[in-house]
Amino acid sequence: MSKPMSGLLLCVAMLFGVAYAAAAEDPASYPNRPIHIIVPFAPGGASDFAIRLIQPGLQQALGQTLVIDNRTGAAGNLGMEVAARSPADGYTLFLGNIGTISINPHFFPDMTVAPERDFIPVSIASETPGIVVASTKFPPNSLKELVAYAKAHPGKINYAAAGISTLNTLAMEQFRRRLGLNMTQVPYKGGAGPAVLDLISGNVDVMFVTLSSAAEFVKGGKLKGFAVTTRERVESLPEVPTVVELGFPDDVSSSWQGLFAVKGTPQPIVAKLHAAIVKAMADPDVRKHMIAASMLPTSSPTPDSFKEFVATDSAKWKTVVKQMGVPKAE
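Residues numbered from 1 in each chain as written. Predicted model: local features only at pLDDT ≥ 70, side-chain atom pairs only at ≥ 80, totals over all residues. Heavy atoms only, no water.

## Thoughts on the overall build of the protein chain
Counted only if it meets this: For the purposes of this entry, the term helix denotes a DSSP run of H or I that reaches at least four residues, the term strand denotes a run of E that reaches at least two, and both are numbered from the N terminus. Each residue is assigned to one of three classes by its accessible area relative to the maximum for its type, calculated with a 1.4 Å probe on protein chains only: buried under 20%, partly exposed between the two thresholds, exposed over 50%. In this description, contact between two residues means that some pair of their heavy atoms is separated by no more than 4.5 Å. Surface accessibility in these figures is a Shrake-Rupley result with a 1.4 Å probe; residues are shielded only by whichever protein chains are displayed. Only four residue types enter the tally: Lys and Arg on the positive side, Asp and Glu on the negative side, with His and both chain ends excluded. Charged side chains are reduced to one point each, which is NZ for Lys, CZ for Arg, CG for Asp and CD for Glu.
Within the protein chain, the secondary structure is distributed over 12 helices and 10 strands. Across the 330 residues that make up the protein chain, the buried fraction comes to 50%. Of all intrachain contacts in the protein chain linking residues separated by at least 6 positions in sequence, the fraction that spans at least 24 positions is 76%. Carbon and sulfur atoms make up 58% of the accessible area of the protein chain, which totals about 15,000 Å². The positive charge centre, built from 29 side chains, and the negative charge centre, built from 27, are 3 Å apart in the protein chain.

## What to know about the packing of aromatic side chains
Quick note on the threshold: Each aromatic pair joins two rings of Phe, Tyr and Trp (for Trp, the six-membered one) with centres within 6.5 Å, and gets the label stacked for planes under 30 degrees apart, edge-to-face for over 60, and tilted for any other angle. Whether a charge sits over a ring depends on NZ of Lys or CZ of Arg being within 6 Å of the ring centre and within 35 degrees of the ring normal.
For the structure shown, the criterion picks out 10 aromatic pairs. Measuring from ring centre to ring centre gives 6.2 Å for F306 and F309, while their planes differ by 20 degrees; the resulting arrangement is stacked. On the criterion of helical spacing, the pair formed by F306 and F309 is a turn pair, its members being 3 residues apart in helix 12 (residues 303–324). Given a relative accessible area of 0%, F306 falls into the buried group. Here the aromatic cluster, defined as three or more aromatic residues joined through ring pairs, consists of F94, F119, W256, F260, F306 and F309. Directly above the aromatic system of Y91 lies the positively charged group of R33, at a separation of 3.7 Å from the ring centroid.

## Some points on the environment of M183
Within the fold, M183 resides in the loop between helix 7 (167–179) and strand 6 (184–188). Here M183 falls in the buried class, since its relative accessible area comes to 6%. Setting aside its immediate chain neighbours within four residues, M183 contacts A150, I157, Y159, M172, R176 and V206.

## A closer look at helix 3 (residues 77–84)
Quick reminder of the rule: Starting at the helix axis, one direction is taken to each C-beta atom, and the arc is that of these directions.
N77, G79, M80, A83 and A84 are the residues of helix 3 that are buried. For helix 3, the buried positions fall inside an angular range of 160 degrees around the axis, keeping them on one side. Those residues of helix 3 hidden inside the fold are in contact with strand 1 (35–39), strand 3 (92–97), helix 4 (98–107), helix 5 (115–118), strand 4 (119–135) and strand 9 (254–262).

## As for the packing of helix 2 (residues 46–62) against helix 11 (residues 284–292)
Spelled out, the test is: Every axis corresponds to a line fitted to the C-alpha atoms, with the helix fit spanning only the stretch in contact, and the corresponding angles, defined between N-to-C directions, vary from 0 to 180 degrees. These descriptions rest on fixed angle ranges, namely under 35 degrees for roughly parallel, over 145 for roughly antiparallel, 65 to 115 for roughly perpendicular, and the rest for oblique. In this classification, the charged set is Asp, Glu, Lys and Arg, the nonpolar set is Ala, Val, Leu, Ile, Met, Phe, Trp, Tyr, Cys and Pro, and all remaining amino acids, among them Gly, are polar.
The contact between helix 2 and helix 11 brings their axes to 9 Å, and the two run at 175 degrees. As far as their axial angle goes, helix 11 and helix 2 are roughly antiparallel. When helix 2 is examined against helix 11, the residues L53, I54 and G57 are found in contact with a partner set consisting of V286, H289 and M290. Here the residues of the contact of helix 2 with helix 11 sort into 4 nonpolar, 2 polar and no charged.

## So, empty space enclosed by the protein
Cut-off, in case you're wondering: In this analysis the probe radius is 1.4 Å and the grid spacing 1 Å, with only protein atoms considered; a cavity is a set of points the probe fits into but cannot get out of, a pocket is an open set with protein on both sides within 12 Å along at least five of seven lines, and lining residues have an atom within 4 Å of a point. Grid points are joined across faces, edges and corners, and a volume is the space filled by probe spheres set on the points.
A complete count under the given rule lists 1 cavity of 30 Å³ or more for this structure. Every residue lining the largest cavity is counted, 13 residues in all, and those nearest its centre are G130, L167, N168, T229 and S253. Broken down by secondary-structure element, the contributors of at least two residues to the lining of the largest cavity are strand 4, helix 7, strand 7 (206–210) and strand 9. Its residues assigned to classes, the lining of the largest cavity shows 5 nonpolar, 8 polar and no charged.

## Here we look at the packing of helix 4 against helix 12
Counted only if it meets this: Take the far helix as the reference: if the near one is turned anticlockwise from it by less than a right angle, the crossing is left-handed, and if turned clockwise, right-handed.
Running from N to C, helix 4 and helix 12 cross one another at 40 degrees; their axes reach a closest spacing of 9 Å. In terms of their interaxial angle, helix 4 and helix 12 are classed as oblique. Judged by the sense of rotation from one axis to the other, the crossing of helix 4 with helix 12 is right-handed. Contacts between helix 4 and helix 12 involve I98, I101, S102, I103, H106 and F107 from the former and V310, D313, S314, W317, K318 and V321 from the latter.

## Comments concerning the pattern of salt bridges
Quick reminder of the rule: In the sections that follow, a salt bridge refers to a side-chain nitrogen of Lys or Arg positioned within 4 Å of a carboxyl oxygen of Asp or Glu.
Tallying each qualifying case throughout the model produces 10 salt bridges. Between R178 and D251 there is a salt bridge, with its nearest N and O atoms 2.3 Å apart. Here the residue R178 occupies a position in helix 7, and D251 occupies one in the loop between strand 8 (223–228) and strand 9, the gap between them amounting to 73 residues. The structure contains a network of salt bridges with shared partners spanning E173, R176 and R177.

## Quick notes on the layout of surface pockets
Of the voids in this model, the second largest pocket is the one considered here, and its volume is about 340 Å³. Along the wall of the second largest pocket there are 18 residues; nearest its centre are E127, T229, V252, S253 and S254. When residues of the lining of the second largest pocket are traced back to their parent elements, those giving at least two are strand 9 and helix 12. For the lining of the second largest pocket, the leading source of residues is helix 12, giving 4 residues. Among the residues forming the lining of the second largest pocket, the class breakdown is 7 nonpolar, 4 polar and 7 charged.

## Points about the environment of D48
The condition is simple: Any pair of nitrogen or oxygen atoms within 3.5 Å is treated as a polar contact; in protein, a donor-acceptor pairing is required on top of that, and neighbouring residues in sequence qualify only through side-chain atoms on both sides.
As for its position among the elements, D48 is in helix 2. Residues D48 and Q257, spaced 209 residues apart in sequence, show a C-alpha to C-alpha distance of 9.8 Å. Discounting chain neighbours no more than four positions away, the residues touching D48 are V39, A42, P43, I68 and N70. Looking at D48, its side chain comes within polar contact range of the side chain of N70, at 3.0 Å.

## Some words on the pairing of strand 7
To keep it simple, the criterion reads: A pair of strands is considered paired only if DSSP assigns at least 2 bridges between the two.
Judged by how many residues are buried, strand 7 sits mostly within the fold: 5 of 5 residues are covered. Across 5 bridges, strand 4 lies against strand 7 in antiparallel orientation. In the sheet register, V133 faces strand 7, and the bridge partner there is M207.

This is the structure:
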């Protein structure tokens, strides 16, 4: 092959490559290749479980494969950092939750990622109510009996804490401090699973935990369900009262998961992602499977409304951490 001809072919190849790259990043053609969703927790956890239930509906809405990429470590901060440093092209998304987005920034002052600076909120995707559960060996049989028992036996109740910066631990801390209850914290590593197993065994007495981690054990009679942390009773455990019914409205809370794009992602791509989440959350099969797993399928009316939700939620937990004087993580 002559040098002029080889040079011409090289130029054509380069121009084709540039044209392909431009098309790949063109918001109008998005998405035209697989999308990676970084999940900052291990497979089998609440966040991973939620996105895998949502995955089929979201793939259908986007017309592309979703690759779930579990990047664990540092209470979710490691995965968040990987996502924040990714290209702002809509092909790497972050599955944030109440812990990584609303709580961690107030526990880890040296975080290199600031959620409000480094991400664009797209939409909430699921909410998981909490539940107050107790060992079947624990004498009280209701939340009010728990309060009375704790006041009559100061320091004698052990409660499981699955991570110092988790919603489960903060919810219990907020509850006991507000009511002046002297209870002993038993810390656990590895998420709620080990704590729930110890609760079933009777090694600890009580804990706040996400409903999806405990619902089957309550149904099976292996744990006592004292109250769900919602305003209305949940479909999967209709016999368990709410904290509002029992006179504890300040303890309404839920864990949530939502999708975030990297800061700088073009607005048309953010809009397409939001529309896809709304469509996926309306899918009957997605909703059925999420509800069966004690999760509430939901979506934000607009990306801006999700941004406002995140800001309000973060401010709430910042105040709780400050007022309670919970030791900051190193």
